[in-house]
Amino acid sequence: FAALRDGLTARWCGSEDADRFAAAADGCPGVALAWAVDPELRALAAEHQRLAWSLITGSYTDRLRSADGFIRRLPEDRAVAHDRVRNLIANLRSATRLLVERAVDIGGAPGTVFQTILGDALGPIPRVSVAMLVPWMRILARAGNDLAANVTPRLIIETLAIAFP
């Protein structure tokens, strides 16, 4: 993490941005570098993180409303739409990993604030147990394969929206 942050800071962005990009990229230099150099990609990733946050913290109605809004903004081009859904799935995995790290039943610290890669504070991480997350993680793990098997983005995203505990 430190080497990635230092590399980003030395060449591409400020230290505060480098910290966020390196942490959010989960140590993947290519992802962090892409965010450092491409403002459109950063904005898209932040949009996905906000949707992920909504799917994790909202009521069923709010989750479905957020999912529908995301689906309506998908481009007509199938390949581009599928790329955006794959990126959303990756961001949901990242958000879920953060939830597991902070989960109450494994001694996580309540009150940690979830932020997008743009630094927008979305709110405190909800108190959940790992046992509550297991069914969600199974569905999330399968989502990429479902997309590759021609399951529609709408069905995948709505399933994710209603499946979170």
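Below or above, wherever it landed, is the structure these notes cover. (Residues numbered from 1 in each chain as written. Predicted model: local features only at pLDDT ≥ 70, side-chain atom pairs only at ≥ 80, totals over all residues. Heavy atoms only, no water.)

## Regarding the layout of surface pockets
Here comes step 1: Size it by volume and the second largest pocket reaches roughly 230 Å³.
Here comes step 2: Looking at the second largest pocket, it is lined by 15 residues, and the ones nearest its centre are Val31, Trp35, Asn87, Ala90 and Asn91.
Here comes step 3: Elements supplying a minimum of two residues to the lining of the second largest pocket: α3 (29-37), α4 (39-57) and α6 (78-102).
Here comes step 4: Looking at which element gives the most residues to the lining of the second largest pocket, the answer is α6, with five residues.
Here comes step 5: For the lining of the second largest pocket, the per-class residue count stands at nine nonpolar, four polar and two charged. (1 Å grid on protein atoms, 1.4 Å probe; cavity = no way out; pocket = protein on both sides within 12 Å on 5 of 7 lines; lining within 4 Å. Points joined across faces, edges and corners; volume = space filled by probe spheres on them. Helix = DSSP H or I, 4+ residues; strand = E, 2+ residues; numbered from the N terminus. Nonpolar A, V, L, I, M, F, W, Y, C, P; charged D, E, K, R; others polar.)

## Some points on the environment of aspartate 120
Here comes step 1: Here aspartate 120 is to be found in the loop between β1 (113-115) and β2 (121-124).
Here comes step 2: Classification of aspartate 120 as partly exposed rests on a relative accessible area of 31%.
Here comes step 3: Sequence separation of aspartate 120 and alanine 46 is 74 residues, and the distance between their C-alpha atoms is 8.5 Å. (Buried < 20%, exposed > 50% of the residue type's maximum accessible area, 1.4 Å probe, protein only.)

## Considerations on the pattern of salt bridges
Here comes step 1: Scanning all chains against the criterion turns up eleven salt bridges.
Here comes step 2: Taking the shortest distance from any N to any O, the salt bridge between glutamate 47 and arginine 73 comes out at 3.1 Å. With a gap of 26 residues between them, glutamate 47 in helix α4 and arginine 73 in the loop between α5 (60-72) and α6 connect regions that are remote in the sequence.
Here comes step 3: Using a relative accessible area of 24% as the deciding quantity, one classes glutamate 47 as partly exposed.
Here comes step 4: Residue arginine 65 pairs with aspartate 62 through a salt bridge whose shortest N-O separation is 3.1 Å. In this pair, arginine 65 and aspartate 62 both sit in helix α5, three residues apart, roughly one turn of the helix. (Salt bridge = Lys/Arg side-chain N within 4 Å of Asp/Glu carboxyl O.)

## Looking at unusual backbone geometry
Here comes step 1: Not every positive phi belongs to a glycine, and asparagine 150 is a case in point at roughly 70°.
Here comes step 2: Take asparagine 150: it is sitting in the loop between α7 (130-148) and α8 (153-163).
Here comes step 3: A relative accessible area of 52% means that asparagine 150 is categorised as exposed.

## Re the nonpolar core
Here comes step 1: Counting residues in each nonpolar core, the largest one holds 25 residues, and the members touching the most others are Phe70, Val85, Leu92, Trp136, Ile157 and Leu160.
Here comes step 2: At the level of elements, α4, α5, α6, α7 and α8 are the ones that each hand at least two residues to this core.
Here comes step 3: Once you skip the residues sitting within four places of it in the chain, leucine 92 turns out to touch Ala52, Leu55, Trp136, Leu140 and Leu160. (Core = buried A, V, L, I, M, F, W, Y, C linked by side-chain atoms within 4.5 Å. Contact = heavy atoms within 4.5 Å.)

## Re the packing of aromatic side chains
Here comes step 1: The tally for this structure, following the rule as stated, stands at zero aromatic pairs.
Here comes step 2: A cation sits over an aromatic face here: arginine 63 above tyrosine 60, 4.8 Å from the ring centre. (Phe/Tyr/Trp six-rings, centres within 6.5 Å; stacked < 30°, edge-to-face > 60°. Lys NZ or Arg CZ within 6 Å of the ring centre and 35° of its normal.)

## Remarks on the packing of α5 against α8
Here comes step 1: Contact pair α5 / α8: the axes reach a minimum separation of 9 Å and the direction vectors enclose 155°. In terms of axis orientation, α5 runs roughly antiparallel to α8. Here α5 runs over α8; the crossing is right-handed. Of the residues in α8, those in contact with Tyr60, Arg63, Leu64, Ala67, Asp68, Phe70 and Ile71 of α5 are Arg154, Ile157, Glu158, Ala161 and Ile162.
Here comes step 2: Across the contact of α5 with α8, the residue classes break down as eight nonpolar, no polar and four charged. (Axes fitted to C-alpha atoms, helices over the stretch in contact; angles between N-to-C directions. Parallel < 35°, antiparallel > 145°, perpendicular 65-115°, else oblique. Left-handed = near helix turned anticlockwise from the far one by under 90°.)

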